[in-house]
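# Secondary and tertiary structure notes
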Amino acid sequence: MTRAFADLRAPEIAELAPSAIAVLPIGSTEQHGPHLPLSTDFVVADSLARDAVAGFGDEHDLLLLPSLAISKSNEHAWSPGTLWLSATTLLAVLDDIARCVATTPIRKLVFLNGHGGNSALLQVAARDLRLAHGLQTFVMHPSVPPDQGGESPVAELGMGIHAGLEETSIMLHLRPDLVRLDLGVRSVPDHLASFERVRFGGAVSFGWTSDDFGTDGTLGDPTGATAERGEQRYAAMVAAAGESFAEIARFDPRPP
Ligand SMILES: [Zn+2]
């Protein structure tokens, strides 16, 4: 059986087991500076979801939903070409998709999110959709972003969150034809490095848009990016996704 939800025929949907897990990759279409394409987050989320479902789908009964290519990217609204949905619209879209998934035997829905700007909204959606449609919902990231407590290379001062070393390396691995590494420059707001509490991933968060920092709209340092580094990071992301799906498959918050 195919693991692509949209390639199933209607009678096959009814035959799905309640153990089936729907995976919704969420990308974005937004400026990623002079060196990466608008599609960056989409490429990463879509590729990772495909590879993880190909590798672990049979084991954990995963079904790949069609990827979302447009999401909440209004931190880049200033940059023409960015296509973004408001928070209200994206919540409504997710609610509609979850309502439809809930009509199938599937009881678990995973958002595989490639765009950090969606994270807070997806947490809200995860609980609201759990209440509204009875689905068990999960929010998964390819890797933990630096603005949510994940690691960032030293040279990026904890601020490598957009089109920096890791993201550029991964794109050099996945879609080198779309990368212009020669145009990438270090864009780290060094003047914010002394803030210990008001910072990305700090105790105090702040509303920002990517043209606030005096950079070219990126945050990070892509200059040392390599396809080899990207290949290693991507392989780690696929392996981590496999481990996450294994836990999601057996996760039940109720006591045994
Ligand atoms: Zn990105």
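Before reading further, recall that the structure is shown in the block above.
The paragraphs below set out a description of the structure included in this document.

The rules behind each value
- Residues numbered from 1 in each chain as written.
- Predicted model: local features only at pLDDT ≥ 70, side-chain atom pairs only at ≥ 80, totals over all residues.
- Heavy atoms only, no water.
- Buried < 20%, exposed > 50% of the residue type's maximum accessible area, 1.4 Å probe, protein only.
- Helix = DSSP H or I, 4+ residues; strand = E, 2+ residues; numbered from the N terminus.
- Pairing = 2+ DSSP bridges.
- Right-handed = clockwise from strand over helix to strand, strands pointing away.
- Contact = heavy atoms within 4.5 Å.
- Core = buried A, V, L, I, M, F, W, Y, C linked by side-chain atoms within 4.5 Å.
- Donors = N, O, S within 2.8 Å, 3.2 Å for Na, K, Ca; no water.
- 1 Å grid on protein atoms, 1.4 Å probe; cavity = no way out; pocket = protein on both sides within 12 Å on 5 of 7 lines; lining within 4 Å.
- Points joined across faces, edges and corners; volume = space filled by probe spheres on them.
- Nonpolar A, V, L, I, M, F, W, Y, C, P; charged D, E, K, R; others polar.

### A look at the pairing of strand β3 (residues 108–113)
In terms of burial, β3 is a largely internal element, six of the six residues being buried. Side chains Lys108, Val110 and Leu112 of β3 all project onto a buried face; the interleaved residues Leu109, Phe111 and Asn113 project onto the opposite face, where all are buried too. With five bridges connecting them, β3 and strand β4 (residues 136–140) associate as parallel partners. Following the sheet pairing, Leu112 is matched in β4 by Met140. Where the polypeptide runs from β3 across helix α4 (residues 119–133) and back to β4, its parallel neighbour, the crossover connection is right-handed.

### A short note on the environment of Glu228
Mapped onto the secondary structure, Glu228 falls in helix α6 (residues 227–250). With 59 residues separating them along the chain, Glu228 and Ser169 place their C-alpha atoms 7.6 Å apart.

### Brief notes about helix α5 (residues 165–174)
In terms of burial, α5 is a largely internal element, eight of the ten residues being buried. Restricting attention to buried positions, one finds in α5 the residues Leu165, Glu166, Glu167, Thr168, Ser169, Ile170, Met171 and Leu172. Check the buried side of α5 and you find it contacts α2 (40–60) and α6.

### A look at the nonpolar core
With 28 residues, the main nonpolar core has Val110, Phe245 and Ile248 as its most contacted residues. Only β1 (21–26), α2, β2 (62–64), β3, β4, α5 and α6 provide two or more residues apiece to this core. Here Phe245 is in contact with Val23, Ala52, His60, Leu62, Val110 and Met140, once residues within four sequence places are set aside. In terms of nonpolar packing, the next biggest core, distinct from the first, is built from 23 residues, Ile26, Leu68, Leu90 and Ala98 among them.

### Observations concerning the coordination of the zinc ion
At this site the zinc ion is bound by His32 (NE2), Asp41 (OD) and Glu167 (OE), with donor distances of 2.0 Å. Positions of the donor residues of the zinc ion, expressed as sequence spacing, correspond to H-x8-D-x125-E. Pair noted here: His32 is in the loop between β1 and α2 and Glu167 is in helix α5, with a separation of 135 residues, a long-range link. When its relative accessible area of 18% is taken as the criterion, Glu167 is described as buried.

### Looking at the pairing of β1
Strand residues, when the strand is regular, have side chains that alternate between the two faces of the sheet. Within β1, six of the six residues are buried, which leaves it mostly tucked inside the rest of the structure. On β1, burial covers both faces: Ile21, Val23 and Pro25 on one face and Ala22, Leu24 and Ile26 on the other are all buried. One ladder, built from three bridges, connects β1 with β2; its direction is parallel. Each bridged residue has a counterpart across the sheet, and for Val23 the counterpart in β2 is Leu64. In terms of handedness, the path from β1 via α2 over to β2 forms a crossover that is right-handed. Across six bridges, β1 lies against β3 in parallel orientation. Along β3, the bridge assignment pairs Val23 with Val110.

### Quick look at the layout of surface pockets
With a probe scaled to a water molecule rolled over the atoms, the places where space remains empty come into view. By volume, the second largest pocket amounts to about 250 Å³. Taken together, Arg107, Lys108, Ala126, Arg130, Gly134, Gln136, Thr137, Phe138, Phe251, Asp252, Pro253 and Arg254 form the lining of the second largest pocket. Elements supplying a minimum of two residues to the lining of the second largest pocket: α4 and β4. Of the residues in the lining of the second largest pocket, the class split is four nonpolar, three polar and five charged.

Spatial relationships are all this shows, so hold off on functional conclusions.
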